[in-house]
Amino acid sequence: MRTRFAPSPTGDLHLGGALVALAAYCRARVHGGAFVVRMEDLDPPRVVPGAAERILDDLRFLGLSWDEGPSVEGPYSPYVQGEAGAIYEEALGRLPTYPCTCTRAEIAASAPHEGEEGPRYPGTCRDPARRKDRPAALRLWVPEGRVAFDDLVRGPIEEDVAAVVGDFVLRRADGVFAYQLAVAVDDGRMRIDEVHRGDDLLGSTARQLLLQRLLGLPSPRYAHLPVVRGPDGERLAKRHQTQVSGSTIRELRARGMAAEEILGPLGHALGFADAARPCALAALVARADRLAPRSFVVPGGWLSAKPAVRATNA
Ligand code: GLU
């Protein structure tokens, strides 16, 4: 059983990321498999300097040691997407694509998370006569038909990618490889058996399965985990993370919390513990043969308001 945790180094490791990492770690360990860490640093403007090192340091603090990944070489190197350009380029060359010069949609298409994408691409640039004279993105010529999979948490899911998303971007006009391409190629070539991630990425799965099929790569099973919620039951969005402290591992560490105090409640949300109290990692692993996730609700005491930043021109 090979699993992976694939953070983007765009900020510190938050509780949602830690939940996903814990699921992947425990599932690999209970089956005597390999836990892989892959750094997804493809989009240069979004990368925060030092974030990758800080995320890895937080994983070490939690005890989530990886068998392959940054600074632990393995058979599927590189484990940093920024170093895998030649691999994505080769995959692109084996896919049916066409250049596209429609700019607005192209920007939206690089954002993987729910609500960040634009409408279905109508296929304008399939017609070469409609292309403009400017740098072009590359889109996949999406075949008709449904993609079906059985999510370990959400059950059977079916999507007609051509009807819902249309031809999607594989490489942006600025040369950056799209998340969909890089993830599909990496999960396939790294022989990942089970993917754990937040269910805001559920809508990307059909595209990734389609790419793996077209490339002749194996596909993993997917477990899309419920989003993390605040003590009020509301989704803990990125927006909130700038207003409250205690939603990142770093902040909880700074307050002197021990790894077991963080791991226990997270493990409970995954169904690896009976109660949301401090728990050793090994005890969570022992129960990880069955994944039964529910939404993780951040304990009230963990969050506190950040001091408001006041406007200075008042
Ligand atoms: N790198 C993506 C993120 O941090 C996750 C990709 C995935 O798990 O498929 O949002």
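As a reminder, the structure under discussion sits directly above these lines.
Residues numbered from 1 in each chain as written. Predicted model: local features only at pLDDT ≥ 70, side-chain atom pairs only at ≥ 80, totals over all residues. Heavy atoms only, no water.

Caption draft 1: Expanded view of the sheet that holds strand β1 (residues 2–5). Read across the sheet, 4 strands follow the order β2-β1-β8-β9 without closing on themselves; strand pairing throughout is parallel. At either end of the open sheet lies a strand with only one pairing partner, and these are β2 (34–37) and β9 (221–225). Within this sheet the neighbouring strands show an average axis-to-axis angle of 25°, counted without direction. Looking at chain direction, β1 and β2 are connected through 4 bridges and run parallel. Looking across to β2, one finds that arginine 2 is bridged to alanine 34. With respect to the sheet, helix α1 (residues 15–30) is in contact with β1, β2, β8 (194–198) and β9, its orientation differing from that of β1 by roughly 165°. Packing against the sheet, helix α7 (residues 205–215) makes contact with β8 and β9, and its axis sits at approximately 165° to β9. (Pairing = 2+ DSSP bridges. Helix = DSSP H or I, 4+ residues; strand = E, 2+ residues; numbered from the N terminus. Axes fitted to C-alpha atoms, helices over the stretch in contact; angles between N-to-C directions. Contact = heavy atoms within 4.5 Å.)

Caption draft 2: Quick peek at the site of the ligand. Looking at the ligand, there are 10 residues lining it, with Arg4, Ala6, Ser8, Glu40 and Arg197 nearest. In the model, a nitrogen atom of the ligand is placed 2.9 Å from a nitrogen or oxygen of the serine 8 side chain. One of the side-chain nitrogen or oxygen atoms of tyrosine 179 is found 2.9 Å away from an oxygen atom of the ligand. Grouping the amino acids of the shell around the ligand by side-chain chemistry returns 5 nonpolar, 2 polar and 3 charged. (Near = heavy atom within 4 Å. Polar contact = N/O pair within 3.5 Å; in protein donor to acceptor, adjacent residues only side chain to side chain. Nonpolar A, V, L, I, M, F, W, Y, C, P; charged D, E, K, R; others polar.)

Caption draft 3: Fine view of the pattern of salt bridges. All chains considered together, the criterion is met by 23 salt bridges. Note that arginine 27 is salt-bridged to glutamate 194, the shortest N-O span being 2.8 Å. Of this pair, arginine 27 sits in helix α1 while glutamate 194 sits in strand β8, and the two are 167 residues apart along the sequence. Taking the relative accessible area as the measure of exposure, glutamate 194 reaches 1% and is therefore buried. Across the pair aspartate 58 and arginine 253 runs a salt bridge, and its minimum N-O distance is 2.7 Å. With aspartate 58 in helix α2 (residues 51–62) and arginine 253 in helix α9 (residues 249–254), this residue pair connects regions lying 195 residues apart in the sequence. (Salt bridge = Lys/Arg side-chain N within 4 Å of Asp/Glu carboxyl O. Buried < 20%, exposed > 50% of the residue type's maximum accessible area, 1.4 Å probe, protein only.)

Caption draft 4: Layout of the state of the cysteines. By the definition in use, this model includes 0 disulfides. In this model cysteine 125 remains outside any disulfide bridge; the closest cysteine sulfur is found in cysteine 102, 3.7 Å from its own. (Disulfide = S-S within 2.5 Å.)

Caption draft 5: Layout of the environment of glutamate 83. Tracing the sequence through the fold places glutamate 83 in the loop between α2 and α3 (85–93). The class of glutamate 83 is exposed, set by a relative accessible area of 58%. Separated by 42 residues in sequence, glutamate 83 and aspartate 41 have C-alpha atoms that sit 9.2 Å apart.

Caption draft 6: Main features of the pairing of strand β3 (residues 97–100). Every second residue of β3 is oriented toward a common face, the buried set being Tyr98 and Cys100 and the non-buried set Thr97 and Pro99. Alignment of β3 against strand β4 (residues 137–140), held across 4 bridges, turns out to be antiparallel. Its bridge partner lying in β4, cysteine 100 is registered against alanine 137.

Caption draft 7: Spotlight on unusual backbone geometry. Backbone torsion omega between serine 77 and proline 78 reads 0°, so that peptide bond is classified as cis. Summarising the element assignment, proline 78 is placed in the loop between α2 and α3. Within the chain, serine 71 stands out as a residue other than glycine whose phi angle is a positive 65°. Summarising the element assignment, serine 71 is placed in the loop between α2 and α3. Accessibility expressed as a relative area gives 67% for serine 71, which makes it exposed. With a phi close to 55°, arginine 191 is a non-glycine residue in the positive phi region.

Bear in mind that shape data such as this cannot, by itself, settle questions of function.
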